[in-house]
Amino acid sequence: MHQPAASPHIRVPRVVRERRWWLLPLTLWLSGCLLYYSSHVRDLQAHSEQIAIEGARNMFRMVVLTRNWNASHGGVYVPVTSRTPPNPHLDHPKRDLVAQDGTVLTMINPAYMTRLIAEMAEASNGAQFRLTSLKPIRPENQADAWETAALKGFEQGVLETWGIEHQEEGPRLRYMAPLTVKQACLACHARQGYQLGDVRGGISVSQDYAPIAAAVAHQRVEMGVVTLAICAGVAMLGWFLLEMLRRRWLELAGKVAELEAAHVQLLQSEKLASIGQLAAGVAHEINNPVGFVKSNLNALQRYAQQMQALLDTGRARPLGEADYAAADYDYLKDDLRALIDESQDGLVRVQKIVADLKDFSRVDQAERADADLNAGIESTLNVVWNELKYKAEVVRDFAELPPVNCVQAQINQVVMNLLVNAAQAIPERGTITVRTRLEGDFVRIEVCDSGCGIAPEHLGRIFDPFFTTKAVGKGTGLGLSLSYDIVQKHGGRIEVESQVGAGTCFRVFLPCVAPA
């Protein structure tokens, strides 16, 4: 059966049916990719800076080691040349010496050596470092603004400082660590008032940061391209999978709708088949009282004519005993009362059958309501009585039951199917027992027969649609299947126990309160 396109939407979640909801996980995914990219860019930047800083830190350490070696030897002497002239700022009695061969030597103290090494380093790899102080002996060693801030921090306990400074020629990494006064330093710096452990200055290292920045920028672009490709690929794949899921879900919903429609049709067909099966029996049950009521009415008509004739005679003359005897007045009087009572009983019987049919079908009840199951079973027994009375003696064993929340017409349908099956399972004459009990929060309905029973190999299939052991044309194979579905939809269960040659017992368990 074809279903309208909107029908499956009732069953498909909105997050699958409406594509606009897919933007939420995609937005979260894109945000995650952006956070991942930003985090890795920051890590890359920090890692690159740490590498550059570690290089500057190592340069500082090498210079300090060289200075310490120089200081431990009280300075070193080198020949005086244009590149190593005497240090005018070195106040030392042995600053200049003359070797035995007449070569003039000058003392290279740690500060002078630092300056000479710095010139060589700048010439070879562009790295710059210099000795600086807030109170320099050599004016050229006066700290600039950045170095001044660093030196003041060292006096407050800062161990080192670094940063990226943007200059006209490009960005430069600057690193600086303090120099503290040691015993060997007091020979030159004691007159400045320094004591052991004082921060007397620092070594400032500066190197070109442009190559590192370029490498970071290149890596950032590559990482951005890769991240964008992965993000877009996963997003498109996710959209594709969601679209496939949506189509499959809609297709499945359509199939489910078709199955439900087919199930409703089968249920209706089974009801119609049951009604057709019962029609003859109900007609027989109604025709019997209607037939004798009709016969009684004919007799009453004859009696009325005789009574009318007797009345007409009485108007013409006084009636005598012979007139009453001729009209058989005493018999008319007695039989007239009997005919009326019998007709009234027949009409009451017809009225009860019609009432039971209404109770059985419950045409005015389409939703769940509290129902009296015992009364419903009794009505169902009356409706199917013509199917039962020639096959079995019906034993009623009803317990007092609370109202059960259910669709009573559907439960009556289940009971009717079980009763008809029980009657058909009895070959000649037997017994059908209908029993009700209350078990905790459940009501139990039992329909047991003394029929031929069900073969063990068939017990596992009796609730399958279209399965029947009856001859072709004798059954649809849907009664028990639909009964099983009805009981399940009410939150209950149906059990069967059977022994070949001894009979079968079906037990239906229904919750007193409808499940949520």
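Worth saying up front: this structure is predicted, and the values here are computed from it rather than measured.

S.K.: Please provide a residue-by-residue account of the overall build of the protein, values included.
M.R.: A count of helical and extended segments in the protein gives 13 helices and 14 strands. The buried share of the protein, taken over its 516 residues, is 37%. Look at the contacts in the protein between residues 6 or more apart in sequence, and 68% of them connect residues 24 or more apart. Surface accessibility of the protein: about 29,800 Å² in total, with carbon and sulfur atoms responsible for 59%.

S.K.: Tell me what's going on with the pattern of salt bridges, and back it up with residues and numbers.
M.R.: Evaluation of the coordinates by the stated rule reveals 22 salt bridges. One salt bridge in this structure joins Arg 130 and Glu 147, with 2.6 Å as the shortest N-O distance. Note that Arg 130 is positioned in strand S4 (residues 128-132) and Glu 147 in helix H4 (residues 145-155), a separation of 17 residues in sequence. Arg 444 serves as the salt-bridge partner of Glu 439, at 2.0 Å between the closest nitrogen and oxygen. The exposure class of Glu 439 is partly exposed, given its relative accessible area of 35%.

S.K.: Hey, could you go over the sheet that holds strand S3 (residues 104-108) for me, with residue numbers and the actual values?
M.R.: A sheet is described by the order of its strands in space; here 3 strands give the open sequence S1-S3-S2, paired in antiparallel fashion. With one partner strand each, in any of the chains shown, strand S1 (76-79) and strand S2 (96-98) form the two edges of the open sheet. Each neighbouring strand pair of the sheet contributes to a mean axis angle of 35°, computed without reference to strand direction. Here 4 bridges tie S1 to S3, and the two strands are oriented antiparallel to one another. The partner of Pro 79 across the bridge, within S3, is Leu 105. Those strands touched by helix H3 (residues 110-125) are S1 and S3, and its axis lies near 95° from that of S3.

S.K.: Now, about the pairing of strand S13 (residues 493-499): what can you tell me, with residues and values included?
M.R.: In this sheet, strand S14 (residues 503-511) lies alongside S13 in antiparallel orientation, the contact comprising 7 bridges. Paired with Ile 494 across the bridge in S14 is Val 508. Between S13 and S14, which pair antiparallel one after the other, the connecting turn spans 3 residues, and Gly 501 there sits at a positive phi close to 85°.

S.K.: Can you tell me about the sheet that holds strand S12 (residues 442-449), naming the residues and giving the values?
M.R.: Read from one edge of the open sheet, 5 strands run S9-S11-S12-S14-S13, paired in mixed fashion. Each edge of the open sheet is held by one strand with a lone partner, namely strand S9 (392-397) and S13. For this sheet, the mean angle separating the axes of adjacent strands, direction not counted, is 15°. Across 8 bridges, the pairing between S12 and S14 is antiparallel. Its bridge partner lying in S14, Cys 448 is registered against Cys 505. In this fold helix H9 (residues 373-383) packs onto S9, strand S11 (430-439), S12 and S14, with an angle of close to 165° to the strand it touches most, S11. On top of the sheet, helix H13 (residues 479-489) reaches S13 and S14; it is set at about 25° to S14, its chief contact.

S.K.: Any chance you could break down the state of the cysteines for me, citing the residues and the numbers?
M.R.: Within the structure shown, the criterion is met by 1 disulfide. A disulfide bridge connects Cys 448 with Cys 505, and the sulfur atoms are separated by 2.1 Å. Linking Cys 448 in strand S12 with Cys 505 in strand S14, this pair joins segments that are 57 residues apart in sequence. By relative accessible area, which is 9% here, Cys 505 ends up buried. Residue Cys 33 stays outside any disulfide, its sulfur separated by 3.2 Å from that of Cys 231, the closest cysteine. Look at Cys 33 and you get buried, because its relative accessible area is 9%.

S.K.: An account of the packing of aromatic side chains is requested, with residue identities and associated values reported.
M.R.: A complete count under the given rule lists 3 aromatic pairs for this structure. Summarising the aromatic geometry, the rings of Phe 60 and Tyr 175 are spaced 6.2 Å apart at their centres and angled 70° between planes, so their arrangement reads as edge-to-face. You can see Phe 60 sitting in helix H2 (residues 23-72) and its partner Tyr 175 sitting in strand S6 (residues 170-180), a full 115 residues away along the chain. An identical accessibility class is assigned to Phe 60 and Tyr 175; each is buried. Residue placement shows Arg 493 over the ring face of Phe 442; its charged tip is 6.0 Å from the ring centre. In this structure, Arg 493 packs its charged tip against the face of Phe 509, placed 4.0 Å from the ring centre.

S.K.: Please give an account of H4 that cites residues and values.
M.R.: Those residues of H4 lying buried are Glu 147, Ala 150, Leu 151, Gly 153 and Phe 154. End-on view of H4: buried residues confined to an arc of 160°, all on one side of the axis. For H4, exposure combined with an orientation more than 90 degrees from the buried face picks out Ala 145 and Ala 149. Put simply, Asp 144 is the residue that caps the front of H4, since its side-chain oxygen is 3.3 Å from the backbone nitrogen of Trp 146. Looking one or two residues past H4, Gly 157 carries a phi angle of roughly 110°, positive in sign.

Calculation criteria
- Within each chain, residue numbers correspond to sequence positions counted from 1 in written order.
- Owing to the predicted nature of the model, reporting of local features is limited to residues with pLDDT of at least 70; listing and counting of side-chain atom pairs is limited to 80 or more, with chain, interface and lining totals taken over all residues.
- Hydrogens are left out, water is left out, and the side-chain values use all remaining heavy atoms of the structure.
- Runs of H or I in DSSP of at least four residues are treated as helices and runs of E of at least two as strands, each being numbered from the N terminus.
- Relative accessibility thresholds used throughout: buried, under 20% of the residue-type maximum; exposed, over 50%; partly exposed, between the two (1.4 Å probe, protein chains only).
- Contacts are assigned to residue pairs that have any heavy atoms within 4.5 Å of one another.
- For accessible areas, the Shrake-Rupley method is used with a probe of radius 1.4 Å. Any residue's cover is judged against the shown protein chains and nothing else.
- By definition here, a salt bridge exists when the distance from a side-chain nitrogen of Lys or Arg to a carboxyl oxygen of Asp or Glu is within 4 Å.
- In this scheme, strands are said to pair when DSSP sees at least two bridges between them.
- Angles here are taken between N-to-C directions and fall from 0 to 180 degrees, while the axes themselves are lines fitted to C-alpha atoms, restricted in helices to the stretch in contact.
- Two cysteine sulfurs form what is called a disulfide whenever their separation falls within 2.5 Å.
- Classification of ring pairs rests on two measures: the distance between centres of Phe, Tyr or Trp rings, Trp counted by its six-membered ring, which must be within 6.5 Å, and the angle between planes, read as stacked under 30 degrees, edge-to-face over 60 and tilted in between.
- Over a ring means this: the NZ of a Lys or the CZ of an Arg is within 6 Å of the ring centre and within 35 degrees of the ring normal.
- By arc we mean the arc of the directions from the helix axis to the C-beta atoms, nothing more.
- Any N or O atom pair separated by 3.5 Å or less is treated as a polar contact, with the protein-specific requirement of one donor-capable and one acceptor-capable atom, and with residues adjacent in sequence counted only for side-chain atom pairs.

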